[in-house]
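Here's the letter readout for the chains.
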Amino acid sequence: MAVGVLYVDDEINNLNSFKAAFRRDFNIYTASSAAEGRRILDANEVGVIITDQRMPVTTGIEFLESVLHTNPDTIRILLTGFSDINAVIDAINRGQVYKYLVKPWQNDELRIHIQNAIEVYNLRKENKELTYKLQIANMELETLAKAFR
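For every chain, the first residue of the written sequence is number 1, and numbering continues from 1 along that sequence. Residues qualify for local features only when their pLDDT is at least 70, as the model is predicted, and side-chain atom pairs are given and counted only at 80 or more; totals for whole chains, interfaces and linings, by contrast, use all residues. Side-chain calculation: all heavy atoms of the structure are included, whereas hydrogens and water are not.

Enquirer: Tell me what's going on with the overall build of the protein chain, and back it up with residues and numbers.
Expert: The helix count covers DSSP runs of H or I at least four residues long, the strand count covers runs of E at least two residues long, and both are numbered beginning at the N terminus. Scanning the protein chain from N- to C-terminus turns up 5 helices and 5 strands. Tracing the protein chain from N to C terminus, the helices and strands come up as β-α-β-α-β-α-β-α-β-α. Here the radius of gyration uses the C-alpha set of atoms, whereas the globule reference equals 2.2 Å times the residue count to the power 0.38. Expected size for 149 residues packed as a compact globule is a radius of gyration near 15 Å; at 18 Å, the protein chain overshoots this value by more than 25%. Seen through its C-alpha atoms, the protein chain measures out along the principal axes to roughly 70 × 35 × 25 Å. Going through the 149 residues of the protein chain one by one, you find that 40% of them count as buried. Buried residues are those whose accessible area, probed at 1.4 Å on protein chains only, stays under 20% of the maximum for their type, while exposed residues exceed 50% and partly exposed ones sit between those limits.

Laid out in structure tokens, this is it:
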């Protein structure tokens, strides 16, 4: 199964537009709140999280920051209708955001950003797997070296 893309936005029309535009290209999940987004993250492999900044209860940055520990390799994109320099700074510093994009999005441009983000996610995942395999191989070599001493 392809890695998922989660879009979190409190505006249902945006969620529907996003899903309609990208469902043929990506495995799309949508959530209308941060809480719903967390439930999706807990149940599915999501490689890219795209979130609106201005939502009731939890901002996009707060949501991204809250999932850093449980989903550290997930690529995070902040998509907002407002250009606020403080939000940009917070997004980079607190939410470790890969991209900061302004609404309304252009489908072709956003598709490229999502494809690039998935590629980065897959490379990070592959890197972790290779690092783990290397650690196992090193432990096996140490065991063999001790046996021949």
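Enquirer: Before we move on, can you summarise the pattern of salt bridges with the specific residues and values?
Expert: Salt bridges are defined by distance alone: a side-chain nitrogen of Lys or Arg within 4 Å of a carboxyl oxygen of Asp or Glu. One pass over the full model with this rule turns up 6 salt bridges. For K128, the salt bridge identified is with D73, shortest N-O distance 2.9 Å. Taken together, the residues span a long stretch of sequence, with K128 in helix α5 (residues 107-147) and D73 in the loop between α3 (60-66) and β4 (75-80) at a distance of 55 residues. Overall, K128 belongs to the partly exposed group, its relative accessible area being 48%.

Enquirer: Pulling in residues and values, what's your account of unusual backbone geometry?
Expert: Of the consecutive residues K103 and P104, the connecting peptide bond is found in the cis state with omega at -5 degrees. Mapped onto the elements, P104 comes out in the loop between β5 (99-102) and α5. Even without being a glycine, V57 presents a positive backbone phi close to 75 degrees. Within the secondary structure layout, V57 lies in the loop between β3 (46-52) and α3.

Enquirer: Hey, could you go over the packing of helix α1 (residues 12-22) against α5 for me, with residue numbers and the actual values?
Expert: Angular values range over 0 to 180 degrees, each being the angle between N-to-C directions of two axes fitted as lines to C-alpha atoms, with helices fitted over their stretch in contact. In contact at an axis separation of 11 Å, α1 and α5 are set at 75 degrees when each is read in the N-to-C sense. Between α1 and α5, the angle falls in the class roughly perpendicular. Every residue of α5 that contacts α1 at F18, A21 and F22 is listed here: N107, L110, R111 and I114. For classification, angles of less than 35 degrees are called roughly parallel, those exceeding 145 degrees roughly antiparallel, those between 65 and 115 degrees roughly perpendicular, and all remaining angles oblique. For this analysis, residues touch if any pair of their heavy atoms sits within 4.5 Å.

Enquirer: Break down the sheet that holds strand β1 (residues 4-8) for me, citing the residues and quoting the values.
Expert: An order of β2-β1-β3-β4-β5 is seen for the 5 strands of this open sheet, with the pairing classed as parallel. Each of the sheet's edge strands pairs with one partner strand only, and the pair in question is β2 (27-31) and β5. Taking each pair of neighbouring strands and ignoring which way they run, the sheet shows an average axis angle of 20 degrees. By this definition, two strands are paired if DSSP reports at least two bridges between them. Here β1 pairs with β2 via 5 bridges, running parallel. Pairing of G4 across the sheet is with N27, part of β2. Running at roughly 145 degrees to β2, helix α2 (residues 34-43) makes contact with β1, β2 and β3 of the sheet.

Enquirer: Now, about the nonpolar core: what can you tell me, with residues and values included?
Expert: With 21 residues, the main nonpolar core has V5, F18, F22, V48, I50 and I114 as its most contacted residues. Breaking this core down by element, the ones donating at least two residues are β1, α1, β3, β4 and α5. Sort the elements by how many residues they give to this core and α5 lands first, with 5 residues. Beyond its immediate sequence surroundings of up to four residues, V5 is in contact with F18, F26, N27, I28, Y29, V48, I50, I114 and I118. Only buried Ala, Val, Leu, Ile, Met, Phe, Trp, Tyr and Cys residues count toward a nonpolar core, and they belong to the same one when joined by side-chain atoms within 4.5 Å. The next biggest cluster of nonpolar side chains, apart from the first, holds 16 residues, and it includes V8, L41, L64 and V97.

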